[in-house]
Amino acid sequence: MRIIRDYQYVEPQDRGASVAIGNFDGVHLGHQAVIRMAREAGGGAPCGVLTFEPHPREYFAPDSPPFRLMSPEARTSRLEKLGVERLYELNFNSALAALTPEEFARRVISEGLGLRHVVVGADFCFGKNRAGDVDDLRRFGAEMGFGVTVAEILEHGGGQVSSTAIRKALTDGDPREAAAQLGHWHRIEGVVVGGEQRGRELGYPTANMSIEGLHPPKLGVYAVVVEVITGEHKGNYHGAASLGVRPMFGENTPNLETFIFDFKGDLYGATLSVGLVEYLRPEQKFDGLDALITQMDADCARAREILEAL
């Protein structure tokens, strides 16, 4: 997959693609549908995704609570797995935000990237103050020479498949509902960082990862699937993970601590993708380390049962 970040400097081989446009946070089933439509509409042209970084919501409200379901790196990885050949990850800045709908269509879609076809959701808005809608996009496409397909919003369980609905499922501690809309387990991806090695002392060494910048799922203990993406231990594993602030030790910065079953090795510096499968219990403070270890034993036994049944 080729990544293009500046629409004003585009190689000839990166022009003429058929793309899906959107933020693609989570790359859920609705996103996957528009990507398929872009591939089908392209007539053999490269299949691409046009998105923005930072997310426009982060740009306009930088002090709002973290809401993203995945990091830009995790999104890129997921899109590549879906066969996306061109990722136009444009820098969302004041100049781009100031473009009128017609300027965006002309300067970015038509002249800048030279796109052959674009696919958007029925609720797509674009340009300064989100003033352009799908009817405007169709009109500009007819004038400027690119095709436009508008995808209907995907329904699930009486509502719409959306990043908002997925965030709610995760906040409620329902990762299986989130997965039903995502089409895959909700994954937290990142680099393993050094911790205080308390888990190792308890007989449960964990891989510690930051969740900074991400929407925090319900804090507690989960059964998880783990992909080690980089390093000598690449592969897929099962485990149990604690997502939270470690109240037993008086800490208050949420992170993810994952214990991988039947694993021996050093994962510091490796990139992991931890998929939340089932919520086991909330965080709690124990009377002592023996009670904590007893509960961890029970958590891991339960997680093994759940994961072996997948």
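Only a predicted model underlies this, so the values are computations on that prediction, with no experimental measurement involved.

Let's talk about the pattern of salt bridges
Here is step 1 of the chain: If you walk through the whole model with that rule in mind, you get 19 salt bridges.
Here is step 2 of the chain: Note that R68 and E58 form a salt bridge whose closest N and O atoms lie 3.0 Å from each other. Pair noted here: R68 is in the loop between α2 (56-60) and α3 (72-81) and E58 is in helix α2, with a separation of 10 residues, a long-range link.
Here is step 3 of the chain: Residue classification places E58 among the partly exposed residues on the basis of a relative accessible area of 25%.
Here is step 4 of the chain: A salt bridge links E103 to R107; its shortest N-O distance comes to 3.6 Å. In this pair, E103 and R107 both sit in helix α5 (residues 101-112), four residues apart, roughly one turn of the helix.
Here is step 5 of the chain: Each member of the salt-bridge network shares a partner with another, and the members are R5, E53, E58, R68, R75 and E89.

Some points on the sheet that holds strand β10 (residues 207-210)
Here is step 1 of the chain: Strand order in this open sheet of six strands is β9-β14-β11-β12-β13-β10, and the pairing throughout is antiparallel. Either end of the sheet is taken by a strand with one partner, and the two such strands are β9 (186-191) and β10. The average undirected angle you get between the axes of adjacent strands in this sheet is 35°.
Here is step 2 of the chain: Two elements, strand β12 (residues 235-244) and strand β13 (residues 255-260), share six bridges in a ladder whose sense is antiparallel. Across the sheet, residue S242 finds its bridge partner in β13, namely E257.
Here is step 3 of the chain: Its contacts with the sheet put helix α8 (residues 175-182) on β9, β11 (220-228) and β14 (271-281), and the angle it makes with β14 is roughly 130°.

Topic: the sheet that holds strand β3 (residues 47-53)
Here is step 1 of the chain: Taking strand neighbours across the sheet as the criterion, the six strands line up as β1-β4-β3-β2-β5-β6 in an open arrangement whose pairing is parallel. The strands lining the two open edges of the sheet, one partner per strand, are β1 (2-4) and β6 (147-151). Between one strand axis and the next, the sheet turns by 25° as a mean value, whatever way the strands run.
Here is step 2 of the chain: Contacts from helix α6 (residues 134-144) reach β5 (117-121) and β6 within the one sheet, and its direction differs from that of β6 by about 160°.

A closer look at α5
Here is step 1 of the chain: In this model α5 runs just 14 Å from its N-terminal to its C-terminal C-alpha over 12 residues, more than 12% under the 16 Å that 1.5 Å per residue would give.
Here is step 2 of the chain: Of all the residues in α5, the buried ones are P101, F104, A105, V108, I109, S110 and G112.
Here is step 3 of the chain: For α5, the secondary structure elements touched by its buried residues are β2 (18-21), β3, β4 (86-91), α4 (94-97), β5 and α6.
Here is step 4 of the chain: Among the residues trailing α5, G114 stands out with phi positive, at a value near 60°.

The rules behind each value
- Residues numbered from 1 in each chain as written.
- Predicted model: local features only at pLDDT ≥ 70, side-chain atom pairs only at ≥ 80, totals over all residues.
- Heavy atoms only, no water.
- Salt bridge = Lys/Arg side-chain N within 4 Å of Asp/Glu carboxyl O.
- Helix = DSSP H or I, 4+ residues; strand = E, 2+ residues; numbered from the N terminus.
- Buried < 20%, exposed > 50% of the residue type's maximum accessible area, 1.4 Å probe, protein only.
- Pairing = 2+ DSSP bridges.
- Axes fitted to C-alpha atoms, helices over the stretch in contact; angles between N-to-C directions.
- Contact = heavy atoms within 4.5 Å.
- Expected span 1.5 Å × (residues − 1).

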